[in-house]
Amino acid sequence: MQDLEDFILSGKPKEGKEELIESLFGLFQSDLPPTEILPGIAQFLELGSEREVTKLAHMLFNCYNNTPLWVLKGHTPADLSRQVLSDSGASSSRKKVGRNDPCHCGSGRKFKRCCGRS
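None of the values given here were measured: they were computed from a predicted structure.

Description of the packing of aromatic side chains
Part 1 of the reasoning: One pass over the full model with this rule turns up one aromatic pair.
Part 2 of the reasoning: Aromatic side chains Phe28 and Tyr64 sit 5.6 Å apart centroid to centroid with 70° between the ring planes, which places their arrangement in the edge-to-face category. Separated by 36 residues along the polypeptide, Phe28 in helix α2 (residues 17–29) and Tyr64 in helix α4 (residues 50–65) bring together distant segments of the chain.
Part 3 of the reasoning: Judged by relative accessible area, which is 2%, Phe28 ranks as buried.

Below, the structure is given as structure tokens:
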């Protein structure tokens, strides 16, 4: 986040930068993905070269991926992607549920009478 803040403060227009930095967390919490936030910030900072826009995009996505989000119940996108990758190997080693085994949902009923119903 500090790199992104330093990059924003080093740009051309001087007014409104502190407000932009303060509102970044709110922008991340909104339903807007970083791909929709990026053009507005790039235009506000008057970035001219593609290299500057690419640098801003990398910092913006890095910051977004490491920010806890309300939508993800306080988890960061990076945490969830690491969890999915670690769980993907564990799913193949799970024991198959039999028809007469208790249902995994915790209802207390047999699997065939609960979640196993077609």
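Some points on the nonpolar core
Part 1 of the reasoning: Membership of the largest hydrophobic core comes to 20 residues, with the highest contact counts inside it found for Leu4, Ile8, Phe28, Ile41, Leu45, Leu56 and Leu60.
Part 2 of the reasoning: Mapped onto this core, the elements with two or more residues apiece are α1 (2–9), α2, α3 (34–44) and α4.
Part 3 of the reasoning: In terms of residue count, α4 provides more of this core than any other element does, six residues in total.

So, unusual backbone geometry
Leaving glycine aside, a negative phi is the common case for residues, and trans is the common case for peptide bonds.
Part 1 of the reasoning: At Glu46, a position not held by glycine, the phi torsion is positive, near 55°.
Part 2 of the reasoning: Inspection of the secondary structure assignment puts Glu46 in the loop between α3 and α4.
Part 3 of the reasoning: The exposure class of Glu46 is partly exposed, given its relative accessible area of 45%.
Part 4 of the reasoning: If you check the backbone angles, Lys73 has positive phi at about 55° while not being a glycine.
Part 5 of the reasoning: Among the secondary structure elements, Lys73 is positioned in the loop between α4 and α5 (77–90).
Part 6 of the reasoning: Using a relative accessible area of 76% as the deciding quantity, one classes Lys73 as exposed.

Rules used throughout
Each chain has its residues counted from 1, following the order in which its sequence is written. The predicted nature of this model means local features are confined to residues of pLDDT at least 70 and side-chain atom pairs, given and counted, to a pLDDT of 80 or more, with totals for whole chains, interfaces and linings taken over all residues. Note that water and hydrogens are dropped before the side-chain values are worked out from all heavy atoms of the structure. Pairing of aromatic rings covers Phe, Tyr and the six-membered ring of Trp, with a centre-to-centre limit of 6.5 Å; geometry is then stacked below 30 degrees between planes, edge-to-face above 60, and tilted otherwise. Here a helix means four or more residues in a row that DSSP labels H or I, a strand means two or more in a row labelled E, and each is numbered from the N terminus. Only protein chains enter the accessibility calculation, which uses a 1.4 Å probe. A residue is then buried if its area is under 20% of the maximum for its type, exposed if over 50%, and partly exposed in between. Think of a nonpolar core as a cluster: buried Ala, Val, Leu, Ile, Met, Phe, Trp, Tyr and Cys residues, connected wherever their side-chain atoms sit within 4.5 Å.

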